[in-house]
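Given next are the chains, with one letter for each unit.
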Amino acid sequence: MSQRDNLSKKNKRAVGGSSAEGRGSSVKKDAFERSPGRSGKKFSVNQKERYVKKVKTFSGETGISAEEWNMPVAVSVETGEQLKTVLGEKAVSRIYIDEACFGIPGKDAAGNSGKGKAGEHETEALAKIIREIHEAGKEAGLRLRRIERDTDPGLDSMSLLSGLIKLDASPDMLLIRTFDEAMMLSDLETSETGNKGLNHIRKIFDYTCYGYNTEAVSMLKELGAEGLTYPIELNFKECLNLRKAVKELSDKVLSEIPYEMLVYGHLPMMVSANCIRKTSAGCDHKNRFMVLRDRMQKDMPVRCYCKYCYNQIFNAEPLVLYDLPEDVRSLEPECLRYDFSVETGSEIRKILAGAIPKDITRGHFRHGVE
Ligand SMILES: [Zn+2]
């Protein structure tokens, strides 16, 4: 919270667009790129090392490893390296791939992205990954984009899903992050492609679909939620009260609704429909990471999802709750989740083994705790 408040007024308007989680800060002029095959080419090694080091430093303390939890562990991944790493992790039972990060559409003969054959390639590329996850004996989830516009290149989420169903490579579940996606999905389910509900894909709502109280939770169920994620804005006590209140509801489907719980991940501070690259160097529609520095000299990772040209600014420190097993278990989650965004493969292995990064945040979880 303090970090958000500490951002200078001067910086607040540097990044335009919608602001769901907080405020932006100024674009660091010499922000480096970390897209595969390009790293280190354009920018000085120092800048790269400084950023990577921040993420890579571990405290020496350990929490609970993914295996030790003895309950289902889900991960979300955004890069091919991350995917490759978690495919080999025995303790991981569910992998969410981000729609904005995989199956980047190619161009057709006329140079239009995602049209015709190129659109088919996008679906095929995602189908291949989903099959790979299944072959590794894990559940495959698809995390839908946070901002969907009619002007997005490539296929819209629902056409992509229809394509996957036709290829017999449906994901087992969707991680839904906006109400628009939830509503579009109910249309798809009752359509011919959705076989009028026969091709059922489980709908899990992410923490971006707020369900702070029983009224909100029951509305999320109306929208099709079959699983929820604990809200990241609630502290431990509030999560506990929410769980208790939901369990006491007379509607059995609602009272038994399973929860996923985030125990690791850089939380988004802001999602921006405006592309930072478009307003600075110019956007080439390639996904990459950049860095924003606030006036407290904190470097915040920015993920440019330029497959669809929207950006997400992450907190400099990741949320870590996997060293608080008693609190986590008392919330009775069905599944724990590790959200990976900026991490390398070896960092992921360390985190899943329980290693704790040096700089972490508890988010709101510990607020109000003496
Ligand atoms: Zn862009």
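Residues numbered from 1 in each chain as written. Predicted model: local features only at pLDDT ≥ 70, side-chain atom pairs only at ≥ 80, totals over all residues. Heavy atoms only, no water.

1. Some points on the coordination of the zinc ion
The following threshold applies: Because water is not among the atoms used, a metal site may look incomplete, as its donors are only the N, O and S atoms within 2.8 Å, or 3.2 Å for Na, K and Ca. Under the classification used here, a metal with four donors is tetrahedral if each angle lies between 85 and 135 degrees, square planar if opposite donors are over 155 degrees apart and the others between 65 and 115, a six-donor metal meeting that same test is octahedral, and anything else is irregular.
Taken together, the protein donors to the zinc ion comprise Cys275 (SG), Cys283 (SG), Cys306 (SG) and Cys309 (SG), at separations of 2.3 Å. One way to put it: the 4 donor atoms around the zinc ion meet at angles of 99 to 126 degrees, and that makes the site tetrahedral. One chain supplies every donor to the zinc ion, and in sequence these donors are spaced C-x7-C-x22-C-x2-C.

2. Some thoughts on the nonpolar core
The criterion, for reference: Put simply, a nonpolar core is a bunch of buried Ala, Val, Leu, Ile, Met, Phe, Trp, Tyr and Cys residues held in one set by side-chain atoms that sit within 4.5 Å of each other. Throughout this description, buried means an accessible area under 20% of the type-specific maximum (1.4 Å probe, protein chains only), exposed means over 50%, and partly exposed covers the range between. Contacts between residues were defined by any pair of non-hydrogen atoms, one from each residue, lying within 4.5 Å.
One finds Val75, Leu83, Ile95, Ile97, Tyr322, Tyr338 and Phe340 to be the most contacted residues of the largest nonpolar core, which totals 82 residues. Setting aside chain neighbours within four positions, we find isoleucine 95 in contact with Val75, Val77, Leu83, Val86, Leu87, Ile133, Lys138, Glu139, Ala140 and Gly141. Of all hydrophobic cores here, the second largest spans 14 residues; its members include Val302, Cys304, Cys306 and Ala316.

3. Quick look at helix α13 (residues 345-352)
Residues lying three or four places apart along an α-helix face the same way, a consequence of the helix completing one turn every 3.6 residues. Convention followed: Note on conventions: DSSP H or I runs of at least 4 residues are helices, E runs of at least 2 residues are strands, and numbering of each starts at the N terminus. Summarising the geometry, the arc corresponds to the directions from the helix axis toward the C-beta atoms.
Residues of α13 that are buried: Gly345, Glu347, Ile348, Ile351 and Leu352. Projection of α13 onto a plane perpendicular to its axis shows the buried side chains occupying an angular sector of 160 degrees, all on one side.

4. Some remarks on the pairing of strand β8 (residues 259-265)
Here is the rule we go by: Any two strands between which DSSP finds at least two bridges are classified as paired.
For β8, the buried fraction is high: 7 of the 7 residues fall into the buried class. Summarising the sheet, strand β7 (residues 228-229) and β8 pair through 2 bridges and their orientation is parallel. Note that in β8 the partner of threonine 229 across the bridge is glutamate 260. As defined by bridge partners, β8 adjoins strand β14 (residues 335-339) across 4 bridges and the pair is classed as parallel. Bridge pairing links leucine 262 to arginine 337 in β14.

5. So, the sheet that holds strand β11 (residues 299-305)
Strand pairing within a sheet occurs via backbone hydrogen bonds; the two strands may be parallel or antiparallel. Let me state the cut-off plainly: A fitted line through C-alpha atoms serves as each axis, taken over the contacting stretch for helices, and the angle formed by two N-to-C directions is quoted from 0 to 180°.
Strands sit in the order β9-β12-β11-β10 across an open sheet of 4 strands; the sheet is antiparallel. In this open sheet, the two strands that pair with only one neighbour each are β9 (268-272) and β10 (288-293). Strand-to-strand twist of the sheet, defined as the mean angle between neighbouring strand axes without regard to direction, takes the value 25 degrees. Here β10 runs beside β11; their pairing, made up of 6 bridges, is antiparallel. Across the sheet, residue arginine 293 finds its bridge partner in β11, namely aspartate 299.

6. Brief notes about the packing of aromatic side chains
To keep it simple, the criterion reads: Under the pairing criterion, centres of Phe, Tyr and Trp rings, with the six-membered ring standing for Trp, must be within 6.5 Å; the plane angle then separates stacked pairs below 30 degrees from edge-to-face pairs above 60, leaving the rest tilted. Geometrically, a lysine NZ or arginine CZ counts as sitting over a ring once it is within 6 Å of the ring centre and also within 35 degrees of the ring normal.
According to the stated counting rule, one finds 8 aromatic pairs in the structure shown. Aromatic pair tyrosine 264 and tyrosine 322: ring centres 6.3 Å apart, planes at 45 degrees, arrangement tilted. Taken as a pair, tyrosine 264 in strand β8 and tyrosine 322 in the loop between β13 (319-320) and α12 (325-330) lie far apart in primary sequence, 58 residues in all. Take tyrosine 264: its relative accessible area is 1%, and that puts it in the buried class. Grouping aromatic residues by their ring pairs yields a cluster made of Tyr264, Tyr322, Tyr338 and Phe340. A cation over an aromatic ring shows up here: arginine 145 above the ring of tyrosine 308, its NZ or CZ 3.7 Å from the ring centre.

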